[in-house]
Amino acid sequence: MCLIVLAYKVHPRYPLIVAANRDEFLERPTLPAAFWPDAPHILAGRDLKAGGTWLGFTKAGRFAALTNYRDLRRPPVNGPSRGALVRQVLEGDPTTIEGDHFDGFNLLYGAIGKLRYYNNIEGSGGPLAPGVHGISNHLLDTPWPKVVKARDRFAEVIKSDVPSVGDLFGLLNDPRRAPDEALPDTGLDLDRERALSSVFISTKGYGTRCSTVLMVDSKGRVLFEERTHQPRGDVRFDFDLDRTS
């Protein structure tokens, strides 16, 4: 993922609401969200190149989502795919993450009532504080223009007793770029920094591949909907948490 906004323990009806965009090279082979045949408790999309995923949820109520940390001035780490971390969390429930062997990342993970955050660049993390949060390719709640824009709109949408799924997807579909004076400096050239400053990214060969909305209510009812943009396709799952797991 390259943009995640979420409400954690702030909505009176939904302890967890997530809206997220996955930005990736268009040629990277991917499967849309589904319950995995080899791990049927996991609901997630699948990166066919490395076998991991970027965001997922389990029938028992474990959540994980990852964004890359972008700073081209840092030497790259020739490590395993960061999507393996998301799979690791969904297959178990670790309270600590070993991130030294991976390139830079941010990870949100854990049971829905005990979410945690970890960044391997600063080695920072811990329990996620209740609130409305946003994260892109820097640290949690870093006020990049796209994060601020998405988080502010998200905060408005979730004021409803039952937030509109259409409005959540709508805020993820914003193609407007940030003004040059507000752009972060991550080591990219100006044209690419501009192109990546929008909530919804569309460039030649790279862009927002899919958008995901996850809502879990206080009774354990789950809505997980993914809209794939390139190629086009939508999937939706409604189910109750398996509280026996």
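Residues numbered from 1 in each chain as written. Predicted model: local features only at pLDDT ≥ 70, side-chain atom pairs only at ≥ 80, totals over all residues. Heavy atoms only, no water.

Undergrad: What is the right way to read the side chain of His11 from this model?
TA: Examined against the element boundaries, His11 turns out to sit in the loop between β1 (3–8) and β2 (16–25). The exposure class assigned to His11 is buried, which follows from its relative accessible area of 9%. At a separation of 3.2 Å, a polar atom in the side chain of His11 contacts the main-chain amide nitrogen of Tyr14. Within polar-contact distance, the side chain of His11 engages the backbone oxygen of Ser160 at 2.7 Å. (Helix = DSSP H or I, 4+ residues; strand = E, 2+ residues; numbered from the N terminus. Buried < 20%, exposed > 50% of the residue type's maximum accessible area, 1.4 Å probe, protein only. Polar contact = N/O pair within 3.5 Å; in protein donor to acceptor, adjacent residues only side chain to side chain.)

Undergrad: How should the pattern of salt bridges be read in this particular structure?
TA: It is possible for side chains of opposite charge to pair when their charged atoms get near one another. For the structure on display, the rule yields 21 salt bridges. Close ionic contact of Arg176 with Asp174 constitutes a salt bridge, the shortest N to O distance being 2.7 Å. Across the pair Asp238 and Arg236 runs a salt bridge whose closest N-O atoms are separated by 3.0 Å. The partly exposed category is assigned to Asp238, whose relative accessible area is 40%. (Salt bridge = Lys/Arg side-chain N within 4 Å of Asp/Glu carboxyl O.)

Undergrad: Is there a simple way to explain the packing of aromatic side chains in this structure?
TA: Applying the stated rule across the entire model yields six aromatic pairs. Ring geometry for Phe102 against Phe105: centres 6.1 Å apart, planes inclined by 85°, an arrangement best described as edge-to-face. On the accessibility criterion, Phe102 (12% relative accessible area) is buried. By relative accessible area, Phe105 is classed as buried at 0%. Each ring, one from Phe224 and one from Phe237, has its centre 6.4 Å from the other, and the planes form 70°; the classification is edge-to-face. Linking Phe224 in strand β13 (residues 221–229) with Phe237 in strand β14 (residues 232–240), this pair joins segments that are 13 residues apart in sequence. Each member of the pair, Phe224 together with Phe237, is buried. Taken together, the ring pairs connect Phe35, Phe224, Phe237 and Phe239 into an aromatic cluster. Across the ring face of Phe35, the terminal group of Lys59 is positioned such that the distance to the ring centre comes to 5.0 Å. (Phe/Tyr/Trp six-rings, centres within 6.5 Å; stacked < 30°, edge-to-face > 60°. Lys NZ or Arg CZ within 6 Å of the ring centre and 35° of its normal.)

Undergrad: Any chance you could explain the pairing of strand β3 (residues 30–36) here in plain terms?
TA: Residues in a regular strand point their side chains to alternate faces of the sheet. One ladder, built from five bridges, connects β3 with strand β4 (residues 39–47); its direction is antiparallel. What sits directly across from Thr30, in β4, is Asp47. Counting the residues in the hairpin turn of β3 and β4 gives two residues. (Pairing = 2+ DSSP bridges.)

Undergrad: Help me out: how do you make sense of the side chain of Ser197 in this one?
TA: Summarising the element assignment, Ser197 is placed in the loop between α4 (190–195) and β11 (202–203). Looking at Ser197, its side chain comes within polar contact range of the main-chain oxygen of Arg194, at 2.7 Å. Among residues more than four places away in sequence, those in contact with Ser197 are Lys146, Arg176, Arg177, Ala178 and Leu183. (Contact = heavy atoms within 4.5 Å.)

Undergrad: Would you explain the sheet that holds β3 in this entry?
TA: Sheet strands pair via backbone hydrogen bonds, and the direction of the pair is either parallel or antiparallel. Read across the sheet, seven strands follow the order β3-β4-β5-β6-β7-β8-β9 without closing on themselves; strand pairing throughout is antiparallel. The outermost strands of the open sheet, each flanked by one partner alone, are β3 and β9 (124–127). In this sheet, adjacent strand axes meet at a mean angle of 10° when their direction is disregarded. Two elements, strand β6 (residues 62–68) and strand β7 (residues 105–111), share seven bridges in a ladder whose sense is antiparallel. If you follow Asn68 over to β7, its bridge partner there is Phe105. (Axes fitted to C-alpha atoms, helices over the stretch in contact; angles between N-to-C directions.)

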